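Residue-level structure breakdown
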There are 2 protein chains.
Amino acid sequence: LPPIDEGEALAAMRWLSFEPAMRGWMDDRASYLPPVELGAVMRAPGVAEIIESRHPDYAVGDLVQGLFGWQEHVVIRTTGDQPRTMPPGLEPEMAMSVLGGSALTAYFGLLDIGQPRPGETVVVSGAAGAVGSIAGQIAKLKGCRTIGVAGGPEKCAWVVEACGFDACIDYKNDDVAARLRELCPEGVDVYFENVGGAILEAVLDNLAMHARLVMCGMISGYNDTQPGPSNLSRLIAFRGRMQGFILFDYASRMHEGTTALAGWLQEGKLRYRTDVQRGFENVPRTFLRLFSGENQGKQLLKL
Amino acid sequence: LPPIDEGEALAAMRWLSFEPAMRGWMDDRASYLPPVELGAVMRAPGVAEIIESRHPDYAVGDLVQGLFGWQEHVVIRTTGDQPRTMPPGLEPEMAMSVLGGSALTAYFGLLDIGQPRPGETVVVSGAAGAVGSIAGQIAKLKGCRTIGVAGGPEKCAWVVEACGFDACIDYKNDDVAARLRELCPEGVDVYFENVGGAILEAVLDNLAMHARLVMCGMISGYNDTQPGPSNLSRLIAFRGRMQGFILFDYASRMHEGTTALAGWLQEGKLRYRTDVQRGFENVPRTFLRLFSGENQGKQLLKL
């Protein structure tokens, strides 16, 4: 174990959280965070337990949440980001899913960028994922018709039956463009984008006037370069707005988001599921589950 | 000549105006105007002269402006859109270029969608065109560094020397991506898009944080289906906003736009040029000049 100095604490990683955005952190190009250097610890969010402390703010046994990275132990120093201590009684699985960054991403992206109005049609890709499933449920809570797009009958059934979406298109088995036309006869008012590729193209072909496209992720293109949609000019004819965002932009509004999510959760209005893998040796394999779509809900790994 | 009834007027077309957007009106798909039917007169803006009148609002010799279409004579009825009578002394060429729809499109697109701030970097594609040249000049008037993209040395020279852009990239001879990186070391804050294709891709690779992409036209894709940019996810990392618009949305603000343009024009602050072809038989050929890029400024045809 690494030795600690006065003012430091040592924590053992208990949970790692996985997000598609982490793939972008590995690219060697300017972005919203510096690229992870070759040979450096991969940046990743997680929950750790304090096992030794000479730090004034942490006691042995405390659970702390932060961007600890893919490692088994972490030294918390007095300088730099100080991890948040988790409130007692809050389950780490919940803190990393329905009350965590994925859900807050859904909250701010849908409401702030998407600005859905009651009665509008909202389409969510990656609808069975940690972000998409929450985005769609919030759209329903705001009175929208909500259509998901997900991969496979099991995920689609969960999206409709558990999460209450009005319908879900199975992109692995359905003709997405045809189903979208059927399910959104008045066009798509808000599209919450997690995926890119052919689904984005189909949505662009079916926009409602003044549509808003919330660009949260484009996972289908993270590992391969793929051509973009050939019909971006539909944004002109339909006065569409396609806008990217990053959760960090909402740092000052985290309390608002967490409070809203916790309220809905307590009222039994938010469903979620976590996909828990185990063992440090399975970290890379667990990460790749996001890209194959094997994960069933928020992808976590327990150490 | 077509006979007219009581309440009608007959006008002879004097000028036709050509815009890339007209290409979209020919596509058989839902858009912001109904498609032009096969066999119908092609919809097109122009200026006509009243040659016979039994209509209360028009006198013989009046010049009127409207969506008259590709025809030599037009009957103005009492129902339907009533063409605007042009103020005496206003040159038709000016009314269809620097004070017309192209310039108003530049005005509202740049200012309302692009929201440029002094000191920001604005890139305009189609910079030698009727819309782009005005958009860039307005950006300069608003205190922005302004970079054009145009085809060929003659157009680029006009953009810089006459219109006062800070630089112009020649997409036919330069490496657009490399030149864009050189000329916009802090990234592109506002992109006024007339073209699409590889230029859009290069801009997306060089966004400033919170960039705004004003989607006015994507002419490079109007006659061929071409893949879109493979790097749309840069909108996420850089919180970009890509937004389409149509001049018709600003119907209630036409007076504001025209007043501003006329003011700058009177102060000698707006340069423009028109490319005048002649003869009704040359209508299709004149239209195609927009797509080959042969036109030098606002494309018109005099009858």
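Preceding block: the structure.
Residues numbered from 1 in each chain as written. Chains lettered and ligands numbered in written order. Predicted model: local features only at pLDDT ≥ 70, side-chain atom pairs only at ≥ 80, totals over all residues. Heavy atoms only, no water.

1. A short note on the relation of the copies chain B and chain A
We apply this condition: To superpose the copies, least squares is applied to the C-alpha atoms of every residue with a pLDDT of at least 70 in both. When checking whether two residues touch, look at their non-hydrogen atoms; a contact exists if any pair is within 4.5 Å.
Mapping chain B onto chain A leaves a residual RMSD of 0.0 Å; the transformation is a rotation of 180 degrees accompanied by 0.0 Å of translation along its axis. Both copies of the chain, as the preceding transformation shows, are related through a two-fold rotation axis. For chain B, the residue whose C-alpha comes nearest the rotation axis is B:Gly228, separated from it by 2.0 Å. A share of 100% of the interface residues of chain B reappears at the interface of chain A, consistent with the copies meeting face to face through the same patch.

2. Quick notes on the sheet that holds strand E9 (residues 188–193) of chain A
Spelled out, the test is: Strands qualify as paired when DSSP identifies two bridges or more between them. The helix count covers DSSP runs of H or I at least four residues long, the strand count covers runs of E at least two residues long, and both are numbered beginning at the N terminus. Each axis is a line fitted through C-alpha atoms, taken for helices only over the stretch in contact, and angles between the N-to-C directions span 0 to 180 degrees.
The 12 strands lie next to each other as E8(A)-E7(A)-E6(A)-E9(A)-E10(A)-E11(A)-E11(B)-E10(B)-E9(B)-E6(B)-E7(B)-E8(B), forming an open sheet whose pairing is mixed. Two strands in the sheet have a free side with no partner beyond their single neighbour: strand E8 (167–170) of chain A together with strand E8 (167–170) of chain B. Within the sheet, the average angular offset between the axes of one strand and its neighbour, ignoring direction, is 15 degrees. Sheet topology places strand E7 (residues 145–150) of chain B next to E8(B); 4 bridges connect them, and they run parallel.

3. Quick word on the nonpolar core
Inclusion rule: The definition of a nonpolar core used throughout is a set of buried Ala, Val, Leu, Ile, Met, Phe, Trp, Tyr and Cys residues joined through side-chain atoms within 4.5 Å. Relative accessibility decides the category of a residue: with a 1.4 Å probe and only protein chains considered, values under 20% of the type maximum give buried, values over 50% give exposed, and everything between is partly exposed.
In terms of nonpolar packing, the biggest core is built from 110 residues, with A:Leu213, A:Met242, B:Leu213 and B:Met242 touching the most fellow members. Sequence-distant contacts of B:Leu213, defined by excluding residues within four places in its chain, comprise B:Tyr191, B:Leu200, B:Leu204, B:Leu207, B:Leu235, B:Arg241, B:Met242 and B:Gln243.

4. Concerning the environment of B:Pro83
Residues and elements named next belong to chain B. For Pro 83, the location among the structural elements is in the loop between strand E4 (73–76) and strand E5 (84–85). For the pair formed by Pro 83 and Val 64, sequence separation is 19 residues and the distance between their alpha carbons is 5.8 Å. Not counting residues up to four positions away in its chain, the partners in contact with Pro 83 are Tyr 58, Val 64, Gln 65, Phe 68 and Ile 76.

5. Brief notes about the interface of chain B and chain A
Heads up, the condition is: Buried area is understood as the total, over both parts, of accessible area removed when two parts are fitted together, assessed with a 1.4 Å probe. By salt bridge we mean one thing: a side-chain nitrogen of Lys or Arg within 4 Å of a carboxyl oxygen of Asp or Glu.
Facing the 33 residues of chain B at the interface are 33 residues of chain A. When chain B packs against chain A, the two sides together hide about 2,700 Å² of surface, and 61% of this comes from carbon and sulfur. Taken as a group, B:Leu232, B:Ile236 and B:Arg239 account for 23% of the area that chain B buries against chain A, more than any other trio of residues on that side. Remark: the boundary between chain B and chain A carries 4 salt bridges. Across the pair A:Arg29 and B:Asp205 runs a salt bridge, and its minimum N-O distance is 2.6 Å.

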